[in-house]
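A look at the structure
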Amino acid sequence: MTSPNDETTEINERAADRAREVQMEHYLSETDRAAVEQLSERYKEMVPPERIETVRQQDTVFMGDRELFDAVCEHETGESPEPGEQVLGYSLGASESPRIATDYLEVPRVIYHERLHQLSTPGIETELGRRLDEGITEDLAIENLGAEPLEGDWGTYPVERRTAHELRTLCGDAAVESAYFQGDTQALRVCLDRELGPNGF
């Protein structure tokens, strides 16, 4: 038999757990809105206003259930992570809400990462290649967040981010950002041809 004190304690614990969940949902939502506004303001000269407005209208979907997140991700993207890897978030374009798992510490970095994907020019992953696209996205996300990943060094996409960072150093932010946000790869191509030889891109 359960005593009234035990029942009260159980009710209080459930209420406290729910209050923490609501507080976390509010924090994530506010962080998402702040990231969208910061990125929109910073890249307003490069990203078409209609794309910015479309992204502003999409609220990120945060998911705490890892199994559900993985199942939804696989269903929506048609891709499964490599063994030993986890997808932390994904987006399907500017007009779809990004999905982000919340079972790890660095959710704000992934918010920036996915929102940058949404602001990038459609088709840039094909133009630059998936690895470079992810590297540029991660490098810009960390720069805009203003904090290195907790794991240290280069965090997620370490090789890709290092390559993107070197590319930004070699060719300049304007050339890389023009390609990433506008699909204009001319300055990047000229730089890479000059630095690496013909067809350096």
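Everything numeric in this text was worked out from a predicted model, so none of it was measured.

**Quick notes on the overall build of the protein chain**
From N to C terminus, the protein chain includes nine helices and three strands. Mapped from its N terminus to its C terminus, the protein chain presents α and β elements in the order α-α-β-α-β-β-α-α-α-α-α-α. If one aligns the C-alpha atoms of the protein chain with their principal axes, the spans along those axes are about 80 × 35 × 30 Å. The burial tally for the protein chain puts 38% of its 201 residues in the buried class. A fraction of 61% describes how many contacts in the protein chain between residues 6 or more apart in sequence connect residues 24 or more apart.

**Description of the pattern of salt bridges**
Close approach of charged atoms lets side chains of opposite charge pair. Applying the stated criterion across every chain yields a total of 23 salt bridges. For R33, the salt bridge is made with D32, and the minimal N-O distance between the two is 4.0 Å. Its relative accessible area of 3% is what places D32 among the buried residues. Between R56 and E37 there is a salt bridge, with the nearest N and O atoms lying 3.0 Å from each other.

Cut-offs and rules
- Residues numbered from 1 in each chain as written.
- Predicted model: local features only at pLDDT ≥ 70, side-chain atom pairs only at ≥ 80, totals over all residues.
- Heavy atoms only, no water.
- Helix = DSSP H or I, 4+ residues; strand = E, 2+ residues; numbered from the N terminus.
- Buried < 20%, exposed > 50% of the residue type's maximum accessible area, 1.4 Å probe, protein only.
- Contact = heavy atoms within 4.5 Å.
- Salt bridge = Lys/Arg side-chain N within 4 Å of Asp/Glu carboxyl O.

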